[in-house]
Amino acid sequence: MEIERKYLIHELPENLTDYPFKQIEQGYLCTSPVVRIRRSDDKYILTYKGSGLMMREEYNLPLTKEGYEHLKPKADGILITKKRYLIPLTDKLTIELDIFENELAPLMLAEVEFETREDADRFVPPEWFGEDVTFSTDYHNSTLSRYGLKKAD
C-alpha cells in the first residue's frame, strides 16, 4: 500500500545540489488501472497502481532494459522525464522532489511517503512546499502523461 502526500513547489529549497538525484523516464501503458514502465538511472520497473488518491495499492516488478525498450513505444501520451531529488526530512521521511522536463516543465512536485494514514494526516509540510494537491488527480503522473499541464492549470 502506498500512502503519500503531494505538493506543488514554486520555490526550490536551498542547497538542492547537495542532495542525490535520479534521472527518471516513464510511460503509461494504461491509466485505469495504472500500468507504468520506468527507467530510474539504470534500473527498470513495471508498476501497477490501483485506484485512490492518498492511499492506493502499488506493485513493482523488475523489468529488463530490453523489456523496457520493447514496451516504451507502446506507452500512451507523453513520455515523462524528470529529475528526482531525495531530500531527508526526518529519520523516517524523505522528500521526493520531482523537477519535470520537456513538455511538463516548469512543473515541480514534492511527494512524501508515510507508513500509516495517521502519519500522513498529521504531516506538517516544510515552509517551502506550495499547495497540497494530494487529493487532485490532475497531478497524478498518469494524468499528466495524457493531458500535460492543461488539465492541471
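Scroll up for the structure.
Along each chain, numbering runs from 1 in the same order as the chain's sequence is written. Residue-level local features of this predicted model are given only where pLDDT is at least 70; pairs of side-chain atoms are given and counted only at 80 or more, and the full residue set underlies all totals for whole chains, interfaces and linings. Hydrogen atoms and water are omitted, and side-chain values are computed over all heavy atoms in the structure.

Caption draft 1: Quick look at the sheet that holds strand β7 (residues 76-88). Pairs of strands are assigned from DSSP output, requiring at least two bridges between the strands. A run of H or I in DSSP becomes a helix once it reaches four residues, and a run of E becomes a strand once it reaches two; helices and strands are each numbered from the N terminus. Here we have nine strands laid out as an open sheet, ordered β5-β1-β9-β8-β7-β2-β3-β4-β6, and antiparallel in their pairing. The open sheet is flanked by β5 (55-56) and β6 (58-62), the only strands paired with a single partner. Bridge count for strand β3 (residues 34-40) against strand β4 (residues 43-49) is seven bridges, and the pairing is antiparallel. Pairing of Ile-37 across the sheet is with Leu-46, part of β4.

Caption draft 2: Broad picture of the packing of aromatic side chains. Each Phe, Tyr or Trp ring, with Trp reduced to its six-membered ring, pairs with another whose centre is within 6.5 Å; inter-plane angles below 30 degrees give stacked pairs, above 60 give edge-to-face pairs, and intermediate values give tilted ones. Using the criterion set out here, one finds seven aromatic pairs in the structure. Geometrically, the ring pair formed by Tyr-7 and Phe-123 is tilted, given 6.1 Å between the ring centres and 55 degrees between the ring planes. Of this pair, Tyr-7 sits in strand β1 (residues 2-8) while Phe-123 is found in the loop between α2 (117-122) and α3 (141-147), placing the two residues 116 residues apart along the sequence. Both residues of the pair, Tyr-7 and Phe-123, belong to the buried class. The cationic tip of Lys-83 hangs over the ring face of Phe-21; the distance from NZ or CZ to the ring centre is 4.6 Å. Burial classes follow relative accessibility: with a 1.4 Å probe on protein chains only, a residue under 20% of its type's maximum area counts as buried, one over 50% as exposed, and anything between as partly exposed. Cation placement over rings: the criterion is NZ of Lys or CZ of Arg within 6 Å of the ring centroid and within 35° of the ring normal.

Caption draft 3: Region of the structure containing the nonpolar core. Throughout, nonpolar core names a set of buried Ala, Val, Leu, Ile, Met, Phe, Trp, Tyr and Cys residues whose side chains join them through atoms within 4.5 Å. In this structure, Ile-95, Leu-97, Val-112, Phe-114, Phe-123 and Phe-129 are the most contacted members of the largest nonpolar core, which totals 17 residues. Sorting the residues of this core by element identifies β1, β7, β8 (94-100) and β9 (108-113) as the ones contributing at least two each. Considering each element in turn, this core owes the most residues, three residues, to β9. Working rule for contacts: check all heavy atoms of both residues, and any pair within 4.5 Å makes them a contact. For Phe-123, the residues in contact, after removing those within four places along its chain, are Tyr-7, Leu-89, Leu-93, Val-112, Phe-114 and Phe-129. The next biggest cluster of nonpolar side chains, apart from the first, holds 12 residues, and it includes Leu-8, Phe-100, Leu-109 and Tyr-139.

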